[in-house]
Amino acid sequence: MKCDEYQEQVSALIDNELADRESELLFAHLSECSVCRATLRSELELRANLREDIPPLAPEELDMRVLTAAKNRRPSEPDRPGIPAMIWQRRLSMRIPVVAAAVFVLIFGSVLLSSMWAESNQTADVRTVQTAFLMAVPTVEVRAYTMEPVVTIQ
Amino acid sequence: MIDRGQSFVHVYHRYKHRVYAYCYRLLRHPQNAEDAAQETFVKIHRSLDQLENAASLQAWIFSIARNEAFTILRRLRPTEELEEETENVWDEDNPLENVVQRERAGIVQHCLGLLKPTYRELLILKEYEQLSYAEISQVTGASESAVKSGLFKARRAMRKKLESILKERNEI
């Protein structure tokens, strides 16, 4: 084993997680290796420094928030499974490139469809129907330059 | 089977400081820690009677607290891959500022705050909550060997960072 592997064992040793045989091998190595002994010393020092920290206490407001929430929920109340929301009611989480691609496809698709639709409207039958419709609409002529326009209805 | 009601109040008073401290050390923010702790106990209250094995109560409580704390971390930094397995143990979003001015214990705590959350939580669960590798594995969902090597990497990174900070501090 290399020193790096023994140092991982040192970390497990201070956590009291080494098997007897592993500890034996590690101690044999430590008796010969000053670098790994220094690692053991500094690991213990780090632990001492970390444990100097006084743990923060839960604020009193937490008691009120938690115990009130627990009291409002009757102990006998069973946990009901949530009613699954319909697809359009759900929040979808997607990455920006996916959304951008979807928007592009929608816009491009709608432009393509509308141009295809416009082309298909240029058929002779449609033109005939359009002409007939225009003939049926009365022509309105507005003459300019008069205060009251003269309207001729044919 | 554990019954809800009185059991919950007992569990709450027994674990409230530990759960809050765990969330606080992970999130480094009192209000977020309080929110995570509250959500943890609400979930415990909801599912306490479903817990079959009372022996795993501690690991179960910390696994719920972990989920709540990581949900808040993800909300704060949605782009970060918190579970990413990487050699980089430092949280680069968290700048090292004026650290040389701090006292040693403060420096250690500051360095702990600079670690990536996945490494930070391993040290918190081991050093403060004194959980075994098997319990940490239950809480985090990682294998025991991953816990062992993660703790080794986190400690090695902490030692190196501390050495360089203290060296820099002595040179000033």
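Residues numbered from 1 in each chain as written. Chains lettered and ligands numbered in written order. Predicted model: local features only at pLDDT ≥ 70, side-chain atom pairs only at ≥ 80, totals over all residues. Heavy atoms only, no water.

Caption draft 1: Region of interest: the overall build of chain A. Counting secondary structure elements, chain A contains six helices and two strands. Across chain A, helices and strands are ordered from the amino to the carboxyl terminus as α-α-α-α-α-α-β-β. Across the 154 residues that make up chain A, the buried fraction comes to 19%. Here the analysis covers contacts within chain A between residues at least 6 apart in sequence; of these, 34% occur between residues at least 24 apart. Entry remark: accessible area of chain A is about 12,700 Å², with carbon and sulfur atoms responsible for 63%. (Helix = DSSP H or I, 4+ residues; strand = E, 2+ residues; numbered from the N terminus. Buried < 20%, exposed > 50% of the residue type's maximum accessible area, 1.4 Å probe, protein only. Contact = heavy atoms within 4.5 Å. Areas by Shrake-Rupley, 256 points an atom, 1.4 Å probe, with all protein chains shown as cover.)

Caption draft 2: Summary view of the interface of chain B and chain A. The partner chain A presents 40 residues to the 43 residues of chain B that form the contact. Across the chain B to chain A interface the summed buried area is about 3,700 Å²; carbon plus sulfur atoms make up 54%. The partner of Glu43(A) in a salt bridge is Arg159(B), with the nearest N and O atoms 2.9 Å apart. Sorting the residues of the side of chain B that touches chain A by element identifies helix H1 (6–27), helix H2 (30–47), helix H4 (104–114), helix H5 (117–128) and helix H7 (144–171) of chain B as the ones contributing at least two each. A total of 10 residues in the side of chain B that touches chain A trace back to one element, the largest contributor, which is H1(B). Its residues assigned to classes, the side of chain B that touches chain A comprises 19 nonpolar, 10 polar and 14 charged. (Buried area = accessible area lost by both parts, 1.4 Å probe. Salt bridge = Lys/Arg side-chain N within 4 Å of Asp/Glu carboxyl O. Nonpolar A, V, L, I, M, F, W, Y, C, P; charged D, E, K, R; others polar.)

Caption draft 3: Geometry of unusual backbone geometry. All names here are of chain B. The phi dihedral of Arg28 falls on the positive side, at around 60 degrees, and the residue is not glycine. By secondary structure assignment, the location of Arg28 is in the loop between H1 and H2. Judged by relative accessible area, which is 34%, Arg28 ranks as partly exposed.

Caption draft 4: Structural context of the nonpolar core. Residues and elements named next belong to chain B. In this structure, Ile44 and Met158 are the most contacted members of the largest nonpolar core, which totals 67 residues. Counting residues per element, this core draws most heavily on helix H3 (residues 57–76), at 11 residues. Taken domain by domain, the makeup of this core includes at least three residues from each of domain 1 (1–78) and domain 2 (88–172). (Core = buried A, V, L, I, M, F, W, Y, C linked by side-chain atoms within 4.5 Å. Domains from an automatic or database assignment.)

Caption draft 5: Molecular detail of a nonpolar patch on the surface. A cluster of nonpolar residues, Phe104(A), Val105(A), Phe108(A), Leu112(A), Leu113(A) and Met116(A), forms a patch on the protein surface that exposes about 670 Å² of accessible area. Structurally, Met116(A) can be placed in helix H5 (residues 96–120). (Patch = residues over 30% accessible without salt bridge, like charges linked within 9 Å, V, L, I, M, F, W, Y side chains within 5 Å.)

Caption draft 6: Molecular detail of the confidence of the model for chain A. In this model, chain A carries an average pLDDT of 77, and 64% of its residues clear a pLDDT of 70 or more. Per-element mean pLDDT across chain A ranges from 51 in strand E1 (residues 140–142) of chain A up to 95 in helix H2 (residues 20–30) of chain A. (pLDDT = per-residue confidence, 0-100.)

Caption draft 7: Spatial organisation of the pattern of salt bridges. Here the structure, examined in full by the defined rule, presents 16 salt bridges over all chains. Close ionic contact of Arg51(A) with Glu127(B) constitutes a salt bridge, the shortest N to O distance being 3.2 Å. Of this pair, Arg51(A) sits in helix H3 (residues 34–51) while Glu127(B) sits in helix H5, each in a different chain. Here Arg51(A) falls in the partly exposed class, since its relative accessible area comes to 35%. Its salt-bridge partner being Lys43(B), residue Glu68(B) comes within 2.6 Å of it at the nearest N-O pair. Linking Glu68(B) in helix H3 with Lys43(B) in helix H2, this pair joins segments that are 25 residues apart in sequence. Residue classification places Lys43(B) among the partly exposed residues on the basis of a relative accessible area of 31%. Look at the salt bridges and you will find they share partners, linking Asp15(A), Glu43(A), Arg47(A), Arg51(A), Glu127(B), Arg155(B) and Arg159(B) into a network.

Caption draft 8: Broad picture of the packing of aromatic side chains. All names here are of chain B. Under the criterion given, the structure shown has five aromatic pairs over all chains. Taking 6.4 Å as the distance between ring centres and 25 degrees as the angle between the ring planes, the aromatic pair formed by Phe8 and Tyr12 counts as stacked. One end of the pair is Phe8 and the other is Tyr12, both in helix H1 and four residues apart, which spans about a single turn. For Phe8, a relative accessible area of 1% gives the class buried. With a relative accessible area of 0%, Tyr12 lands in the buried category. Taking the centre distance of 5.4 Å and the plane angle of 85 degrees together, the rings of Tyr22 and Phe62 count as edge-to-face. (Phe/Tyr/Trp six-rings, centres within 6.5 Å; stacked < 30°, edge-to-face > 60°.)

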